[in-house]
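These are the residues of each chain, in order.
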Amino acid sequence: MDPFTHLRVASAYSLRYGVAKPEALVRQAAEFGMETVALTDRDGVYGAVKHLLACDKYRVRPILGVDLGLPGGRRVTALAVGKIGWASLCRLVTAAHLTGPRAAVRQQGLVASPELISAHGAGLVLLLGPGSDVGAAIAARRPDLAAARLAAWRDGTAADVVVEIVNHLDRGEAHRAARMLALAGDAGVPAVLSNAVRYLDPTDHPVTHVLDVSRKLVPMHRRHLEDRTG
């Protein structure tokens, strides 16, 4: 069996979202016998150099990417393939930061339009998971809309499009993951099993609660938490 690879990993460089430093994440992956690990911080590639240095130190293959915000509060993860992909990733992040006022980025997070992603898609792999517009349609039990949105992504960008299957064992996630997998099969699109890594140890789980509510400026309540299962 091939070793599992984490493709969506946020470090502490994901402000008010991730907990652990890049080196700690890579060290833990190496201790678990993982041969490859990605770093996909939110809204930027701030931890990329430290991730590469840590991967070299622990003899783990690195993947670089970014977790980007989309209009409507949706998200997509872009992974770089080779030098062309890295160049596209840097141009995409830069262009997204230049499209809106910096104050809005600090308060609400970066937002990249599908058109912007399309313009910088060469050498990228897009993971369309539960947080994407495709995942939202699946959650709403609209497979027809999900298929249309998936087709729009495939037709509208030079990037490779992959359906991301995620199950954090929260209520209803297993059923949504199964429907995402079925969508990928029907569309002939590759599917990958992934995870949303934010911390190293279960004892760090309460920290993410504080980060979630401080980022959103809302009271500490279950309905505001993005990570509810630990």
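Everything below is about the structure shown above.
Source: prediction; values computed, not measured. (Residues numbered from 1 in each chain as written. Predicted model: local features only at pLDDT ≥ 70, side-chain atom pairs only at ≥ 80, totals over all residues. Heavy atoms only, no water.)

1. Section: the packing of aromatic side chains
Step number 1: This model, assessed by the stated rule, comprises zero aromatic pairs.
Step number 2: Over the ring of Tyr 17 we find Arg 42, and its NZ or CZ is 3.8 Å from the ring centre. (Phe/Tyr/Trp six-rings, centres within 6.5 Å; stacked < 30°, edge-to-face > 60°. Lys NZ or Arg CZ within 6 Å of the ring centre and 35° of its normal.)

2. Some points on the nonpolar core
Step number 1: In this structure, Leu 68, Ile 117, Leu 150 and Trp 153 are the most contacted members of the largest nonpolar core, which totals 33 residues.
Step number 2: A total of five residues in this core trace back to one element, the largest contributor, which is helix α3 (residues 82-98).
Step number 3: Beyond its immediate sequence surroundings of up to four residues, Leu 68 is in contact with Arg 74, Arg 75, Val 76, Leu 92, Leu 110, Ala 112 and Ile 117.
Step number 4: In this structure, Val 9, Leu 25, Val 26 and Ala 29 belong to the second largest nonpolar core, which totals 12 residues. (Core = buried A, V, L, I, M, F, W, Y, C linked by side-chain atoms within 4.5 Å. Buried < 20%, exposed > 50% of the residue type's maximum accessible area, 1.4 Å probe, protein only. Helix = DSSP H or I, 4+ residues; strand = E, 2+ residues; numbered from the N terminus. Contact = heavy atoms within 4.5 Å.)

3. Considering helix α7 (residues 143-156)
Given 3.6 residues per turn, any residue in an α-helix points the same way as the ones three and four places further on.
Step number 1: The end-to-end C-alpha distance of α7, which contains 14 residues, comes to 20 Å, matching closely the 20 Å that a straight helix rising 1.5 Å per residue would cover.
Step number 2: Among the residues of α7, those classed as buried are Ala 146, Leu 150 and Trp 153. Projection of α7 onto a plane perpendicular to its axis shows the buried side chains occupying an angular sector of 60°, all on one side.
Step number 3: Close packing links the buried residues of α7 with α5 (114-119), β4 (124-128), α6 (133-139), β5 (160-165) and α8 (173-187). (Expected span 1.5 Å × (residues − 1). Arc of directions from axis to C-beta.)

4. Comments concerning the packing of helix α1 (residues 22-31) against helix α2 (residues 48-58)
Step number 1: Two elements in contact, α1 and α2, have axes separated by 8 Å at closest approach and are oriented at 30°. With respect to α2, the element α1 is oriented roughly parallel. The hand of the α1/α2 crossing is right-handed. When α1 is examined against α2, the residues Pro 22, Glu 23, Val 26, Arg 27 and Ala 30 are found in contact with a partner set consisting of Lys 50, His 51, Ala 54, Cys 55, Lys 57 and Tyr 58.
Step number 2: Class assignment for the residues of the contact of α1 with α2 results in six nonpolar, one polar and four charged. (Axes fitted to C-alpha atoms, helices over the stretch in contact; angles between N-to-C directions. Parallel < 35°, antiparallel > 145°, perpendicular 65-115°, else oblique. Left-handed = near helix turned anticlockwise from the far one by under 90°. Nonpolar A, V, L, I, M, F, W, Y, C, P; charged D, E, K, R; others polar.)

5. Things to note about the environment of Val 66
Step number 1: Inspection of the secondary structure assignment puts Val 66 in strand β2 (residues 61-69).
Step number 2: In the structure, Val 66 is positioned 44 residues away from Leu 110 in sequence and 11 Å away in space, judged by C-alpha atoms.
Step number 3: Residues in contact with Val 66, not counting those within four places in the same chain, are Thr 40, Asp 41, Asp 43, Gly 44, Val 76, Thr 77, Ala 78, Leu 89 and Val 93.

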